[in-house]
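# Observations on chain architecture
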Amino acid sequence: TPSVVLTDIVHRYGAHRAVNGVSLAVESREILCVVGPSGCGKSTLLRLISGLETLQQGTIAVGGRVLAAPGQSLPPERRPVGMMFQDFALFPHMTVSGNIAFGQTDRPRAERQKRVAALLESMALTRYADAYPHTLSGGQQQRVALARALARDPQVLLLDEPFSALDEQLRRSVRDEVVRLIRATGIATIVVTHDPEEAMEIGSRVAVMDGGQLVQTDTPLALYRNP
Ligand code: ADP
Ligand code: ADP
């Protein structure tokens, strides 16, 4: 069964339909890239799934559970959703461990520490546990951001322009590394990007968005053949 199911979702800002009837299913082990021009509704789509924006029509379900429908909305902190943003949004006054621990849901202290240690290990960050974010490279900071998102044990990962802040040279290596780490988790993932080439390279499927709607969704290979 698909991890994430969006059914005919709509969001308006005033009279403007930023998301205008999107239906989509994303399975575990899939990385779906949403690509489209600035202003087409990509960020709003992610914000609806994370609960930072309120749905006005349609339903959002994750793992078979309805998170949002008109008049019904689980608060963001209770959604099984992990997010990563362009600017990493790490807390500058917290160590790497502190940043990762902050992402967690309620569980006993010993368990929390164990989980943070395991995430540090899997992200090759163990020796930076007590470092502050500004002392890390862009790639390392991005791994911290991913670890923090995973600390929530999410059923879906949402990445909004995750590689845009990195310089050209660093971007490809960090991107390959982050994609490898995400694939290893098998968590259903939606990546928003304005860069079609990036979408084709990292997506197992690519959804093309325009004017608030998905106009085509297919594998990268099928899109190359039939653009
Ligand atoms: P994208 O992420 O593809 O650039 P957005 O989801 O940010 O697109 O925006 C979609 C549309 O909604 C755009 O026309 C944008 O101007 C508008 N929009 C986004 N956020 C707001 C807001 N808070 N208030 C009013 N309009 C908004
Ligand atoms: P709070 O307002 O609870 O202190 P934030 O300002 O960091 O939290 O984030 C606002 C909301 O965005 C949170 O309720 C949370 O659901 C979501 N959020 C922030 N960071 C993440 C993340 N790394 N993974 C998943 N959701 C996040």
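Just so we're clear, the structure is a prediction, and the values are computed from it rather than from any experiment.

What follows covers the nonpolar core. Nonpolar side chains tend toward joint burial in soluble globular proteins. If you look at the biggest cluster of nonpolar residues, it comprises 39 residues, and the most contacted ones within it are I100, L146 and L157. Looking at this core, the elements with two or more residues in it are β3 (31-35), α2 (96-102), α3 (109-122), α4 (138-150), β8 (156-160), α5 (168-185) and α6 (196-202). Tallying contributions element by element places α4 first for this core, with 6 residues. V34, L48, I60 and V192 belong to the second largest nonpolar core, which has 29 residues in total.

With that settled, consider helix α1 (residues 42-50). For α1, the buried fraction is high: 7 of the 9 residues fall into the buried class. Within α1, the full set of buried residues consists of K42, T44, L45, L46, L48, I49 and S50. Backbone geometry just downstream of α1 places G51 in the positive-phi region, at approximately 90°.

As judged from the 3 bridges shared by strand β4 (residues 57-62) and strand β5 (residues 65-69), these two strands associate in the antiparallel manner. For A61, the partnering residue across the bridge sits in β5 and is V66. Between the antiparallel neighbours β4 and β5 lie 2 residues, among them G63 with a positive phi of about 55°. Relative to strand β6 (residues 72-73), β5 runs antiparallel, the two sharing 2 bridges. Residue pairing for β6: A68 is matched across the bridge by S73. Linking β5 back to β6 in an antiparallel pair, the connection comprises 2 residues, with G71 at a positive phi of about 75°.

What follows is about the pattern of salt bridges. For the coordinates displayed, the defined rule picks out 8 salt bridges. Put simply, E201 and R175 hold a salt bridge, and the shortest N to O gap is 2.3 Å. With E201 in helix α6 and R175 in helix α5, the pair connects residues that are 26 residues apart, well separated along the chain. A cluster of three or more residues bridged by salt bridges with shared partners is formed by R172, R175, E198 and E201.

Here is what the cut-offs are and how they apply
Residues numbered from 1 in each chain as written. Chains lettered and ligands numbered in written order. Predicted model: local features only at pLDDT ≥ 70, side-chain atom pairs only at ≥ 80, totals over all residues. Heavy atoms only, no water. Core = buried A, V, L, I, M, F, W, Y, C linked by side-chain atoms within 4.5 Å. Buried < 20%, exposed > 50% of the residue type's maximum accessible area, 1.4 Å probe, protein only. Helix = DSSP H or I, 4+ residues; strand = E, 2+ residues; numbered from the N terminus. Pairing = 2+ DSSP bridges. Salt bridge = Lys/Arg side-chain N within 4 Å of Asp/Glu carboxyl O.

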